[in-house]
Amino acid sequence: MSSTDDGPVRRPLVAILSGAGISTDSGIPDYRGPNGLWRRDPEAEKLVTYDTYMADPEIRRRSWRMRQESPAFRARPNAAHEAVARLERSGAPVRVITQNVDGLHQLAGMPARKVLELHGTAREVACTRCHARSSMAQALERVASGDPDPACLVCGGILKSATVMFGERLDPQVLGEALGVAKAAEVFFAVGTTLQVQPAASLAGVAVEHGARLVIVNAEPTPYDALAAELVREPIGTALPRLLDALV
C-alpha cells in the first residue's frame with residue numbers, strides 16, 4: 001500500500017466483469033455470438049439443459065463427448081487474462097466477476113478467492129444427488145476408458161459439469177457477493193460481454209448507481225453503453241492490457 005505524510009492512501013476497488021469475449025483469443029468460441037454454437041446448432045443447447053440432461057441418458061453421453069472435445073481444457077490464458085492478474089499483483093484491490101466457466105483467470109494467476117464464477121466451473125464435476133465434487137479431468141479419464149456416462153463414485157448419482165446449466169439458478173451466495181463487489185467498486189470494467197444475460201448484466205447498472213466509473217470493452221454495442229464513462233471497441237487482447245496497466 002502506498003502512503004503519504006498523512007497516512008496510507010486507499011486504492012480504489014477495481015471490479016472486472018468478464019464474458020466470453022475475453023477468452024476467444026485463447027481459442028474458446030463465443031457460444032452466444034452471431035456465429036456461436038447455440039446459433040449454429042440449436043440441438044446443442046439440449047446438452048446443457050438440466051431437465052433434458054437428467055432425463056435422457058443419450059443426451060448425457062453426447063454431453064460427455066462434447067466435454068472431451070472442448071477447447072476449454074487445452075486453452076491457456078491470453079494477454080487480457082494476464083493483464084488482470086498483473087493488476088492484482090501490483091497491490092490494487094481487484095475482484096473478477098466472470099460469466100465464463102473456463103478457469104483462465106485463475107490459470108493466469110488471479111487468486112481463486114478473488115474470482116466469482118457466476119456460472120460455475122467446467123473444471124470440476126458435481127453429483128446431482130449428493131453434491132460431491134471432483135475434477136473434470138478424472139471424469140474424462142473414465143469416459144476415455146470406456147464409461148460413456150460416469151456415475152458419482154460416492155453415491156452412484158448422475159454427474160454433471162459443475163456449471164450452471166440452462167434451467168438452473170445461479171448460486172445465490174456467489175450472486176450476492178458479486179452484487180456487493182459491484183456496489184463497492186469505484187471502477188467497473190465490463191469486458192467481452194454483451195451485457196444481455198441477466199442477472200449478470202445488471203451488475204453494470206448497479207455499479208453505476210453506486211458511483212462507479214463504467215468502462216465497457218466490447219466489440220459490439222451493449223444495452224449499458226449510455227451509462228459508460230468510456231467505450232472501447234478495440235480488440236480486448238490489446239485494449240485491456242493498456243487500460244489496466246495505466247491503472248498500475
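Fair warning: this is a prediction, and the values are worked out from it, not measured in the lab.

> Looking at this model, I keep getting lost on the sheet that holds strand E5 (residues 115–117). Mind explaining?
The strands making up a sheet are joined through hydrogen bonds of the backbone, oriented either antiparallel or parallel. Taken in spatial order, the 6 strands line up as E5-E4-E3-E9-E10-E11 in an open sheet, and their pairing is parallel. The outermost strands of the open sheet, each flanked by one partner alone, are E5 and strand E11 (230–232). Ignoring which end each strand starts from, the neighbouring axes of this sheet average 15° apart. Across 5 bridges, the pairing between strand E3 (residues 14–18) and strand E4 (residues 94–98) is parallel. Pairing of Ala 15 across the sheet is with Arg 95, part of E4. Across the face of the sheet, helix H4 (residues 79–89) comes into contact with E3 and E4 while running at roughly 150° to E4. Lying over the sheet, helix H8 (residues 202–209) contacts E3, E4, strand E9 (187–191) and strand E10 (213–217), oriented at roughly 160° with respect to E9.

> When you look at the environment of Val 181 in this model, what are you seeing that I'm missing?
Looking at the element boundaries, Val 181 is found in helix H7 (residues 172–184). Along the backbone, Val 181 and Ile 16 are 165 residues apart, and their C-alpha atoms lie at a distance of 9.6 Å.

> Help me out: how do you make sense of the side chain of His 105 in this one?
Within the secondary structure layout, His 105 lies in helix H5 (residues 104–107). Overall, the relative accessible area of 2% leaves His 105 in the buried class.

> Honestly, the pattern of salt bridges in this entry has me stumped. Any pointers?
Note on pairing: side chains with opposite charge can pair once their charged atoms come close. The full count for this structure, using the stated rule, is 11 salt bridges. Across the pair Arg 65 and Glu 58 runs a salt bridge, and its minimum N-O distance is 3.5 Å. A relative accessible area of 33% means that Glu 58 is categorised as partly exposed.

> How should I be thinking about the side chain of Ser 18 in this particular structure?
Turning to its location among the elements, Ser 18 is positioned in strand E3. For Ser 18, a relative accessible area of 0% corresponds to the buried category. At 2.8 Å, the side chain of Ser 18 and the side chain of Thr 98 are in polar contact. Excluding residues within four positions of it along the chain, Ser 18 makes contact with Val 96, Ile 97, Thr 98, Gln 99, Asn 100, His 105 and Val 191.

> Help me out: how do you make sense of unusual backbone geometry in this one?
Glycine aside, a negative phi is what most residues show, and trans is what most peptide bonds show. Following Gln 198, the chain continues to Pro 199 via a peptide bond in cis, the omega torsion being 5°. By the element assignment, Pro 199 lies in the loop between E9 and H8. Here the phi dihedral of His 131 falls at roughly 70°; this positive angle occurs in a residue that is not glycine. Mapping His 131 onto the fold places it in the loop between strand E6 (120–127) and strand E7 (133–135). Using a relative accessible area of 59% as the deciding quantity, one classes His 131 as exposed.

> It is not clear to me how helix H3 (residues 57–69) should be interpreted in this structure. Could you clarify?
Since there are 3.6 residues in each turn of an α-helix, residues three or four apart along the chain are aligned in direction. If you check H3, its first and last C-alpha atoms are 19 Å apart, about what 13 residues at 1.5 Å a residue would give, namely 18 Å. For H3, the full list of buried residues reads Ile 59, Arg 60, Ser 63, Trp 64 and Arg 67. Around the axis of H3, the buried residues are gathered within 140° of arc, so they sit on the same side. On its buried face, H3 is in contact with helix H2 (50–55), E6, helix H6 (136–144) and strand E8 (159–163). One side-chain oxygen of the residue at the start of H3 lies 2.9 Å from the amide nitrogen of Glu 58, identifying that residue as Asp 56.

> Just to check I follow, could you spell out the sheet that holds E7 for this structure?
With antiparallel pairing, the 3 strands of this open sheet are ordered in space as E7-E6-E8. Two strands close off the open sheet at either side, each with one partner strand: E7 and E8. Going across the sheet, the axis of each strand differs from the next one's by a mean of 45°, ignoring polarity. With 4 bridges connecting them, E6 and E8 associate as antiparallel partners. Within E8, the position partnered with Cys 127 by the bridge is Leu 159.

What counts and what doesn't
- Residues numbered from 1 in each chain as written.
- Predicted model: local features only at pLDDT ≥ 70, side-chain atom pairs only at ≥ 80, totals over all residues.
- Heavy atoms only, no water.
- Pairing = 2+ DSSP bridges.
- Helix = DSSP H or I, 4+ residues; strand = E, 2+ residues; numbered from the N terminus.
- Axes fitted to C-alpha atoms, helices over the stretch in contact; angles between N-to-C directions.
- Contact = heavy atoms within 4.5 Å.
- Buried < 20%, exposed > 50% of the residue type's maximum accessible area, 1.4 Å probe, protein only.
- Salt bridge = Lys/Arg side-chain N within 4 Å of Asp/Glu carboxyl O.
- Polar contact = N/O pair within 3.5 Å; in protein donor to acceptor, adjacent residues only side chain to side chain.
- Expected span 1.5 Å × (residues − 1).
- Arc of directions from axis to C-beta.

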